[in-house]
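Survey of secondary and tertiary structure
Here is what each chain is made of, one letter per residue.
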Amino acid sequence: MLEIINLTKVYEGNVQALDNVSFNVQPGEFLAVIGLSGSGKSTLLRCINRLVEPTNGEVIWDGVDVTKAGPDELRRIRRQIGMIFQHFNLVERSKVLTNVLAGRLGYTNPAMSLVNRFSKSDVEMAYKQLERVGITDQANKRADELSGGQQQRVSIARAMMQNPKIILADEPVASLDPVLAHSIMQYLEKINKEDGVTIICSLHFLDLVHRYANRAIALNAGVLMFDGAPKEIDDGKFKEIYGKEAERVG
Amino acid sequence: MRCDLKKKSSILKSLRTGLLIAISIIVFAYAFQVTNVNFETTRSEVRITQLTRVLRALAKPELVKYDTTEEEISTPFYLPCPENNEIEEIEKNANEAYIQTSVICASPKETITVEGFNMPANIKGPVNFLAASGVKRQLANFETNSEGYFTVDVVIPTRQPVAEAQYITATIRTTTGLPKWTETAKATWDKIIETVFIALLATTIGTAASIPISFIAARNLMKDSTSTPTSTALNIIGFPIGAYLGYIFSKWVIDLLSPLEKNVFVTLIGLIISGLIAYLSLRKGLPSEDIKKPSTSVRIQRFIFIFIAGLMTIISIILFGEFTKLIGNALENILGPIGFLGYALFQIGDITLMLVPAITAIAFGGVVVSLFNKVGLSLQDNLNTKILKIINILLSTIAGAILFALVMAVINWFYQFNNPRISLYYPVLIGGFAGFILAVIAKPKHPLPTGFIIYTVTRTILNALRSIEPLVMAIIAVIWVGIGPFAGSLALALHTIAALAKLYSEQVESIDDGPLEAIHATGANKLQTIVFAVIPQIIPPYISFTMYRWDINVRMSTIIGFVGGGGIGFLLQQNINLLSYRAASVQMLAIAVVVASMDYVSSKIRERIV
């Protein structure tokens, strides 16, 4: 379904973020991406929907090379790929409902969205998604009035508005406390299991990886170090991924 | 060794510091000379007296006046003394106000004392000599004490000798009735209203125009916009062609529609029909959602519908302009006291019609550019590098030639070379050559930073425009549209555009990138990203900057009258030149009140919204 071939990204100033990364993602997988901060996890996720322009390599999505897609093609690809961010990236001054509806923009006619208009079915769908994450009552509040956990749930609802085939989650729980982290991860799990949405999720804590992912890949300085089941990450592999001086926590 | 080095460097350092201090002393000393600093003048007695007079006048704004009645208290006086010394003594009524002279006759140039009794307390007034011919001459001023008594020494003027009695009078002025606004106050009121509205109009127009510009001048929105050499060259070729076609087309349509101009109903019906067609074909051409990639025939169909919608929109805009002009004209006569509504409608229609060719030109240019862009992309995808390179070279040669020819046409308009060799042939050759070289050097598929170039050009123009004082702009506007508030509004609007576009764009640059990224990731295009991620974030700073600008514009419009731009400045300058400081003080007071209340209102509004 998603095939990454020799993906390389060099930022300005010769910073190598990704170095010849190749892997496959099967439909319905829950794939964890692990690695130190700065190892290229975020870049990898952003190269998939081309929020970051890859320097080299291919990203094959449903048989189409994303890296060569024109603007219209890219729009059609992006709208099938939901994305969740560490800092939620909600438009804070907008209503929760508007934030959720924004997930529909890839399908909406630009001329219509100029005047902030969405179809009735979109609005209904937005309420349904909010209900799913349990915050229907907050729909008309401003996004910045919500707590961190609630905001992340809004952003999950926003991603789900896209009817995504895949969700890219960039450290979705890194700025939440452990209890909230599990609740957010459970929502992702539910989406993965019930809706069959493939999930690629970068994570910091290995216990979360063990608990939720059915496959993990690891990056170190932009190089793919590991690709396999989470339980295969033993102490040796761990040192390889995180460096010799690293110690396991949790 | 190290110690040595340290020592050396510390000596160097102190030398450098000493030098810096010496230089700054010299600089400031020179500044004193250049700016003619001379505090001796501030202590000069004459100047201080003048200053005191002006300041005291300024402290007493000529706001209200009272109706006054004058009562003349007089006593007969003989000049010179009659020969036979027969002078009738007049009995003074000790209960009424009266004046008395120390002598009842005197020769010219003699000094006598005038006393007043039972006068109103604490008043001032003139003491006059009323000659037999009826001519008054002021001798002195009196000032009564709390008991209504005054005494003043006067010198008897030189007059032709007359036998009968002449009079020495003291005038009592009493104010009656309620205070009334002075003419100055009334004129100031009229002009301050004008001033506020100049500011309002300039701010509104400036804001409306600077919002779209601010997006173009925002680095974070523009830096990612790139286009390939092929598309860039095609755009440079396409836009002028499209714009020219659009211009011609709009002129043609306006001519075509001009017979309708006379008839309100035909215009209205035309407006409704064209608007309806535009709306319907827009609905047809722009489906609210497309789930699948549309087939070619569907896309062509949509394109045709959108094209029809565009044409109908242009027609309906023209008809709208005509209609509002007609209605406005009619209403202006019917409405009477609120006829200004009709006048405004007429002007709106006129502005619409004036803008139609420009809008159409830009729209056509945009259409051609987007079509050419598609062509460029498909060329790039379907051709191999070598052929693409050749096409690129060809296109960019043409593009360079066109670009240089257009730039030179503008320069030629200013300098009027009137020589096709300078204004056309050379630029075409040089431009073509430059384009050729660029295309040879550039990699055929490597994207060019067009967004960044547009950003830089916009910023440069804004900075240049902003550095021109509104006062200077007003002078030019006065030449264009004549003396009056319209010139001031135009000048201020232009300056507002430049200033606000920069402030706004800096706000756009400082927004949180996260939401932008998130909205982008949903597949939203540039326009949608701006509407959903950028605009919500910039509304509060935009409002506060707009209020701030209105504030500035009010202050600016108070002085724009100095150069004929309307508003209160004209009055202020006039009164200062006439040395009527008490009148000028009224205008200054009005400005202070308006600016202070603007400040208050804008801070309240900001509190509410932000």
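Please read these numbers as outputs of a predicted model, since none were measured by experiment.

If you tally the helices and strands in chain A, you get 9 helices and 10 strands. Its C-alpha atoms give chain A a radius of gyration of 18 Å, within 12% of the compact-globule value 18 Å for 250 residues. Reported as C-alpha extents along the three principal axes, the dimensions of chain A are approximately 55 × 40 × 35 Å. Within chain A, the fraction of its 250 residues that count as buried is 56%. Accessible area of chain A: about 10500 Å², with a carbon and sulfur share of 49%.

Here we come to the overall build of chain B. Check the secondary structure of chain B and you find 18 helices and 7 strands. Expected size for 610 residues packed as a compact globule is a radius of gyration near 25 Å; at 39 Å, chain B overshoots this value by more than 25%. Oriented by its inertia axes, the alpha-carbon framework of chain B measures out at about 130 × 100 × 60 Å. Here chain B, with 610 residues, has 36% of them falling under the buried criterion.

It is worth spelling out the sheet that holds strand S6 (residues 150-155) of chain B at this point. Residue and element names in this part refer to chain B. The strand order S2-S3-S6 describes an open sheet built from 3 strands, whose pairing is antiparallel. If you trace the sheet from one side to the other, it starts and ends with strand S2 (98-101) and S6, each paired once. Ignoring strand direction, the axes of neighbouring strands in this sheet form an average angle of 25°. Sheet analysis places strand S3 (residues 111-117) next to S6, joined by 6 bridges and oriented antiparallel. Counted as the bridge partner of Glu115 is Thr151 from S6.

Between chain B and chain A, the contact holds 32 residues from the first and 38 residues from the second. Around 2900 Å² of area is buried between chain B and chain A when both sides are counted, 56% of it from carbon and sulfur atoms. On the chain B side of the contact with chain A, Thr522, Gln528 and Phe532 of chain B bury the most area, a combined 22% of that side's loss. On the surface where chain B and chain A come into contact, there are 1 salt bridge. Between Arg46 of chain A and Glu517 of chain B there is a salt bridge, with its nearest N and O atoms 2.3 Å apart. Our count for the chain B to chain A interface comes out at 7 residue pairs in polar contact (both at pLDDT 80 or more). Those elements giving two or more residues to the side of chain B that touches chain A turn out to be helix H9 (340-382), helix H15 (513-521) and helix H16 (526-559) of chain B. Each residue belonging to the side of chain B that touches chain A can be placed in one class, and the counts come to 17 nonpolar, 7 polar and 8 charged.

Per the counting criterion, the structure on display carries 1 disulfide over all chains. Disulfide pairing is shown between Cys81 of chain B and Cys105 of chain B; the S-S distance is 1.8 Å. Classification of the bridge connecting Cys81 of chain B and Cys105 of chain B rests on its S-S torsion, roughly 90°, and on that basis the disulfide is right-handed. Remark: Cys105 of chain B occurs in the loop between S2 and S3 and Cys81 of chain B occurs in the loop between strand S1 (64-77) and S2; sequence separation between them is 24 residues. We classify Cys81 of chain B as partly exposed; its relative accessible area is 33%. A residue is classified by how much of its surface remains accessible, and Cys105 of chain B, at 15% relative accessible area, is buried. In this structure Cys47 of chain A is not part of a disulfide, and its nearest cysteine sulfur, from Cys201 of chain A, lies 18 Å away.

Here the focus is the packing of aromatic side chains. Summed over the entire model, instances satisfying the criterion amount to 12 aromatic pairs over all chains. Seen in terms of ring centroids, Phe238 of chain A and Tyr242 of chain A are 4.8 Å apart; in terms of plane orientation they differ by 40°. Their pairing is tilted. Placement of the pair is Phe238 of chain A and Tyr242 of chain A together in helix H9 (residues 235-242), with a separation of 4 residues, close to one helical turn. With respect to burial, Phe238 of chain A and Tyr242 of chain A carry one shared label: buried. Chaining the aromatic ring pairs together yields one cluster made of Tyr98, Phe117 and Tyr149 of chain B. Here Arg104 of chain A stacks its cationic end above the ring of Tyr107 of chain A, 4.2 Å away from the centre of that ring.

What follows is about the sheet that holds strand S7 (residues 166-181) of chain B. Residue and element names in this part refer to chain B. With antiparallel pairing, the 4 strands of this open sheet are ordered in space as S1-S7-S4-S5. The open sheet has two edge strands, S1 and strand S5 (136-143), and neither has a second partner. Each neighbouring strand pair of the sheet contributes to a mean axis angle of 30°, computed without reference to strand direction. Taken together, the 7 bridges between strand S4 (residues 124-130) and S5 define a ladder with antiparallel strand orientation. By the bridge assignment, Asn128 is partnered in S5 with Gln138.

Our next topic: the confidence of the model for chain B. The predicted structure's coordinates, where accompanied by low pLDDT, should not be read in detail. Chain-level pLDDT for chain B is 87 on average; 96% of the residues reach the 70-or-more range. In the predicted assembly, ipTM is 0.92 and pTM is 0.77.

The next subject is empty space enclosed by the protein. Residue and element names in this part refer to chain A. The final tally for this structure, using the stated rule, is 1 cavity of 30 Å³ or more. By volume, the largest cavity is sized at about 70 Å³. Lining the largest cavity, in full, are Gln129, Arg132, Val133, Ile156, Met160, Tyr187, Lys190 and Ile191. The dominant element in the lining of the largest cavity, judged by the number of residues it contributes, is helix H7 (residues 178-194), at 3 residues. Here the lining of the largest cavity is composed, by residue class, of 5 nonpolar, 1 polar and 2 charged.

Moving on: the side chain of Thr352 of chain B. All names here are of chain B. Tracing the chain through its elements places Thr352 in helix H9. Among the residues examined, Thr352 registers a relative accessible area of 15% and is labelled buried. Here Ile348 takes part through its backbone oxygen, which lies 2.6 Å from a polar atom of the side chain of Thr352. For Thr352, the contacting residues outside a window of four places in its chain are Ile317, Phe320 and Gly321.

What follows is about helix H5 (residues 120-132) of chain A. Note on helix geometry: an α-helix contains 3.6 residues per turn, so any two residues three or four positions apart are oriented the same way. Residues and elements named next belong to chain A. Here H5 contains 13 residues, and its C-alpha end-to-end distance of 19 Å stays within 8% of the 18 Å for a straight helix at 1.5 Å per residue. Of the positions making up H5, those classed as buried are Asp122, Met125, Ala126, Gln129 and Leu130. One face of H5 carries all of its buried residues, which in axial projection span an arc of 140°. Counted as exposed and oriented over 90 degrees from the buried face of H5: Lys120, Glu124, Lys128 and Glu131. In this structure, the buried side of H5 is in contact with helix H3 (96-101) and helix H6 (148-160). Positive phi shows up at Gly134, right after H5, with a value of about 75°.

Definitions and cut-offs
Residues numbered from 1 in each chain as written. Chains lettered and ligands numbered in written order. Predicted model: local features only at pLDDT ≥ 70, side-chain atom pairs only at ≥ 80, totals over all residues. Heavy atoms only, no water. Helix = DSSP H or I, 4+ residues; strand = E, 2+ residues; numbered from the N terminus. Rg over C-alpha atoms; globule rule 2.2 N^0.38 Å. Buried < 20%, exposed > 50% of the residue type's maximum accessible area, 1.4 Å probe, protein only. Areas by Shrake-Rupley, 256 points an atom, 1.4 Å probe, with all protein chains shown as cover. Pairing = 2+ DSSP bridges. Axes fitted to C-alpha atoms, helices over the stretch in contact; angles between N-to-C directions. Contact = heavy atoms within 4.5 Å. Buried area = accessible area lost by both parts, 1.4 Å probe. Salt bridge = Lys/Arg side-chain N within 4 Å of Asp/Glu carboxyl O. Polar contact = N/O pair within 3.5 Å; in protein donor to acceptor, adjacent residues only side chain to side chain. Nonpolar A, V, L, I, M, F, W, Y, C, P; charged D, E, K, R; others polar. Disulfide = S-S within 2.5 Å. Phe/Tyr/Trp six-rings, centres within 6.5 Å; stacked < 30°, edge-to-face > 60°. Lys NZ or Arg CZ within 6 Å of the ring centre and 35° of its normal. pLDDT = per-residue confidence, 0-100. 1 Å grid on protein atoms, 1.4 Å probe; cavity = no way out; pocket = protein on both sides within 12 Å on 5 of 7 lines; lining within 4 Å. Points joined across faces, edges and corners; volume = space filled by probe spheres on them. Expected span 1.5 Å × (residues − 1). Arc of directions from axis to C-beta.

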